[in-house]
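# Structure assessment
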Amino acid sequence: IQSSSQIGGEESAFKSNPNVKYANIEQLKMIDGMSGFYDYSQALDYSAKMGKPVFLYFTGKACAECREMETKVLGDERVQKILRERYIVLVMYGDVRYNLHEDDWVITPNGKILKSIGKINTNILITKYGVTVMPSFLLLDSKGLTLSPTRGYNLNLSAFINYLNRGYKAFL
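Residues numbered from 1 in each chain as written. Predicted model: local features only at pLDDT ≥ 70, side-chain atom pairs only at ≥ 80, totals over all residues. Heavy atoms only, no water.

## Structural notes on helix H2 (residues 40-50)
- The complete set of buried residues in H2 reads Tyr40, Gln42, Ala43, Leu44 and Ser47.
- At its buried positions, H2 is contacted by strand S1 (54-59), strand S2 (88-93), helix H5 (117-129) and strand S5 (136-140).
- Measuring from the backbone nitrogen of serine 41 back to the side-chain oxygen at the start of H2 gives 3.4 Å, which picks out aspartate 39 as the cap.
- With its phi angle positive at about 70 degrees, glycine 51 sits one or two positions after the end of H2. (Buried < 20%, exposed > 50% of the residue type's maximum accessible area, 1.4 Å probe, protein only. Helix = DSSP H or I, 4+ residues; strand = E, 2+ residues; numbered from the N terminus. Contact = heavy atoms within 4.5 Å. Polar contact = N/O pair within 3.5 Å; in protein donor to acceptor, adjacent residues only side chain to side chain.)

Here is the structure:
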């Protein structure tokens, strides 16, 4: 999927990168103008390799508030500059029903088998961070530890920029 507001073709180049797990899943869309990951473990590994924190965006295809955040906050050039320069971007969809290969299925402690990327992502967000709503934003170190409190839907652009800056300072 290519977006009309790509910056320098980053999204399409990253989307076609065979090293980005799940990049071939058409329902998954990166934040316009950004490159990043769709797999939690791969993003954390890359974070450790690059020495940068992770910006985790929990979103959904059917989330109207998510689209508004993307347009009014995540689409802002100042926010994008901070994300490109300081963070590894991880976008996790909670409502995509695409079933993964059996090797990627997750078995919960109570024995339930999670097959879809949406259910697996939601399970990660709930069990590790207590997050159940979209949109949610988390700033993580390369071990998955939070650098600041989870942030949800809020269109205050300057507060979001401050959030990113505080998280980055906590990482240093």
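## Remarks on the pattern of salt bridges
- The final tally for this structure, using the stated rule, is 7 salt bridges.
- The salt bridge partner of lysine 21 is aspartate 104, with a shortest N-O separation of 3.1 Å. Remark: aspartate 104 occurs in the loop between S2 and strand S3 (106-107) and lysine 21 occurs in the loop between helix H1 (10-15) and H2; sequence separation between them is 83 residues.
- Taking relative accessible area as the criterion, lysine 21 reaches 32% and is therefore assigned partly exposed.
- When the shortest N-O distance is used, the salt bridge between arginine 78 and aspartate 76 registers 3.0 Å. (Salt bridge = Lys/Arg side-chain N within 4 Å of Asp/Glu carboxyl O.)

## Here we look at the pairing of S5
- Most of S5 sits out of view: 5 of its 5 residues are buried.
- Side chains Ser136, Leu138 and Leu140 of S5 all project onto a buried face; the interleaved residues Phe137 and Leu139 project onto the opposite face, where all are buried too.
- Pairing of S1 with S5 involves 5 bridges; the strand directions are antiparallel. Its bridge partner lying in S5, tyrosine 57 is registered against phenylalanine 137. (Pairing = 2+ DSSP bridges.)

Worth remembering: the numbers are spatial, not functional.
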